[in-house]
Amino acid sequence: MAAIQNGSVVAVIGSGAMGSGIAQVAASAGHIVKLYDTRPEAVAKAIADIGAVYRKLADKQKMSAADADAATARLKSASSLGDVADAALVVEAIVENLDVKRSLFADLEGVVSDDCILATNTSSISVTAIAARLRRPQRLVGMHFFNPVPLMALVEVISGLATDSTVAQTVYDTAAGWGKNPVHAKSTPGFIVNRVARPYYAEGLRLLNEQAADPATIDAVLREAGGFRMGPFELMDLIGHDVNYSVTQSVFNAYYNDPRFTPSVIQQELVNAGFLGRKSGRGFYAYG
Ligand code: NAD
């Protein structure tokens, strides 16, 4: 199996931070991209935002005006799941919840063709578990992008126990064709990056809990002295506290409550308050 063919339909389910970035990258690569979200206004916003990005790139002469118009025209709004029946690849980027993802993929199996590949952008949930209830679990694979998707090159291609190796290779080749740097990994809690990054957030939150310094100071130290591109607090604000907190919970549960991964009460309170970071206008920092 080679990469998903240029010009074929890619469906993106969930049009939030990640879904809209994935849709942009797939449309830029020449696919017809169908966006679906339970909130139609999220689809409308994603298509408008991506169109604005293309126009800005054309204004800066980083792409021609004709290419910008053509890429925008490849973005289609799906008003129901039935509209994605002709997809060769479906990438799911909905809420980080096993039951909700399982239910979506069960519905999708009733809609798409037998050779359609189903991919999940989950950050931390077992790909094996998401696939387990499917009629054809071998066609489900993790396709884990990083935020912001158009700028971040890495894509983790995650195989669950049932994933067919040719399916994983097709998604790997597709990501490479989209200009990304894919890597194969097995389905373990947090995969590679989210596992290695957990202590970065956890120790930052522990320092804050112990009132060692405020977020801006800790972020500045990590950026300026540590050489990190972002400090832990600005990075959590970018990711979204709801997403980051549920990833920590999921890794904590998967490793039998290993204290290294204990979720933070400080972050839990941000989630309780709806202070989700950049996307809600407030997290550790305020955004105008
Ligand atoms: P988000 O909250 O920005 O967007 C999620 C979207 O999914 C929302 O628009 C919501 O309306 C929609 N949705 C929820 N349930 C749905 C359903 N059943 N069917 C269709 N649409 C539904 O979240 P996000 O940050 O884009 O994260 C999406 C997924 O990507 C999660 O699994 C997350 O763990 C993963 N992820 C997030 C990041 C990150 O940095 N934010 C990075 C990598 C992976």
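A quick note: this is a predicted structure, and the numbers were derived from the prediction, not measured.

Let us now look at the overall build of the protein. Along its length, the protein carries 11 helices and eight strands. Since a compact globule built from 288 residues should have a radius of gyration of about 19 Å, the 19 Å found for the protein is in line with a globular shape. In terms of principal-axis extent, the alpha carbons of the protein reach across some 55 × 45 × 30 Å. Buried residues in the protein amount to 45% of all 288 residues. When contacts within the protein are restricted to residue pairs at least 6 apart in sequence, those whose partners lie at least 24 apart make up 64%.

Okay, the sheet that holds strand β5 (residues 117-120) next. Spatial strand order, β3-β2-β1-β4-β5-β6-β7-β8: eight strands in an open sheet with mixed pairing. The outermost strands of the open sheet, each flanked by one partner alone, are β3 (75-77) and β8 (181-186). Pairs of neighbouring strands in the sheet enclose a mean axial angle of 25°, with direction left out of account. The sheet contact formed by strand β1 (residues 9-13) and strand β4 (residues 89-92) spans four bridges and is parallel. Each residue of the ladder has a partner; that of Ala11, found in β4, is Val90.

Further remarks concern the domain arrangement of the protein. Taken domain by domain, the protein comprises domain 1 (9-186) and domain 2 (194-279). Relative placement of domain 1 and domain 2: their C-alpha centres are 26 Å apart. Contact residues are listed per partner, giving six residues for domain 1 and 10 residues for domain 2. Of the residues assigned to the side of domain 1 that touches domain 2, the class counts are two nonpolar, three polar and one charged.

With that settled, consider the packing of helix α1 (residues 17-28) against helix α2 (residues 40-59). Relative to each other, α1 and α2 sit at 50°, their axes nearing to 10 Å. One element, α1, and the other, α2, form an angle in the oblique class. Like other packed secondary-structure pairs, α1 and α2 cross with a definite hand, here right-handed. Residues Gly19, Ser20, Ala23, Gln24 and Ala27 of α1 form the contact with α2, whose participating residues are Ala46, Asp49, Ile50 and Val53. Here the contact of α1 with α2 is composed, by residue class, of five nonpolar, three polar and one charged.

Our focus in this paragraph is the pairing of strand β2 (residues 32-36). Of all five residues in β2, four are buried; the element is thus mostly enclosed. In the sheet, β1 pairs with β2 via five bridges, with the strands oriented parallel. Counted as the bridge partner of Ile13 is Tyr36 from β2. For the handedness criterion, the β-α-β arrangement of β1, α1 and β2 is classed as right-handed. Where β2 meets β3, three bridges bridge the pair, whose relative direction is parallel. By the bridge assignment for β3, Leu35 is matched with Ser77.

One can describe the packing of α2 onto helix α3 (residues 65-73) by two numbers: an axis separation of 9 Å at closest approach and a directional angle of 170°. Judged by the angle between their axes, α2 and α3 are roughly antiparallel. Of the residues in α3, those touching α2 at Gly51, Tyr54, Arg55, Leu57 and Ala58 are Ala65, Ala68, Ala71 and Thr72. Class assignment of the residues belonging to the contact of α2 with α3 gives a composition of six nonpolar, two polar and one charged.

The next thing to look at is the environment of Ala11. Within the secondary structure, Ala11 sits in strand β1. Contacts of Ala11, omitting those with residues within four sequence positions, involve Lys34, Tyr36, Ala78, Val84, Ala87 and Val90.

Tracing the chain through its elements places Ala17 in helix α1. By C-beta crowding, Ala17 is classed as buried, having 20 other C-beta atoms within 10 Å.

Take the site of the ligand next. Neighbouring the ligand are 26 residues, the closest being Gly14, Gly16, Met18, Ser123 and Asn147. Secondary-structure elements contributing two or more residues to the shell around the ligand are α1 and α4 (98-109). Per-element accounting of the shell around the ligand gives the leading share, three residues, to α1. Here the shell around the ligand is built from residues that sort into 13 nonpolar, 10 polar and three charged. Both of domain 1 (9-186) and domain 2 (194-279) provide at least three residues apiece to the shell around the ligand.

Right, let's talk about unusual backbone geometry for a bit. Geometrically, the link from Asn147 to Pro148 is a cis peptide bond, its omega value of 0° lying close to zero. Within the element layout of this structure, Pro148 appears in the loop between β6 (140-144) and β7 (154-159). One non-glycine residue with positive phi stands out, namely Tyr256, at about 55°. In this fold, Tyr256 is placed in the loop between α10 (241-254) and α11 (265-273). Phi angles above zero are rare outside glycine, and Asn257 is one such case at about 60°.

Cut-offs applied
Residues numbered from 1 in each chain as written. Predicted model: local features only at pLDDT ≥ 70, side-chain atom pairs only at ≥ 80, totals over all residues. Helix = DSSP H or I, 4+ residues; strand = E, 2+ residues; numbered from the N terminus. Rg over C-alpha atoms; globule rule 2.2 N^0.38 Å. Buried ≥ 20, exposed ≤ 12 C-beta atoms within 10 Å, placed from the backbone. Contact = placed C-beta atoms within 7 Å. Pairing = 2+ DSSP bridges. Axes fitted to C-alpha atoms, helices over the stretch in contact; angles between N-to-C directions. Domains from an automatic or database assignment. Nonpolar A, V, L, I, M, F, W, Y, C, P; charged D, E, K, R; others polar. Parallel < 35°, antiparallel > 145°, perpendicular 65-115°, else oblique. Left-handed = near helix turned anticlockwise from the far one by under 90°. Right-handed = clockwise from strand over helix to strand, strands pointing away. Near = placed C-beta within 6 Å.

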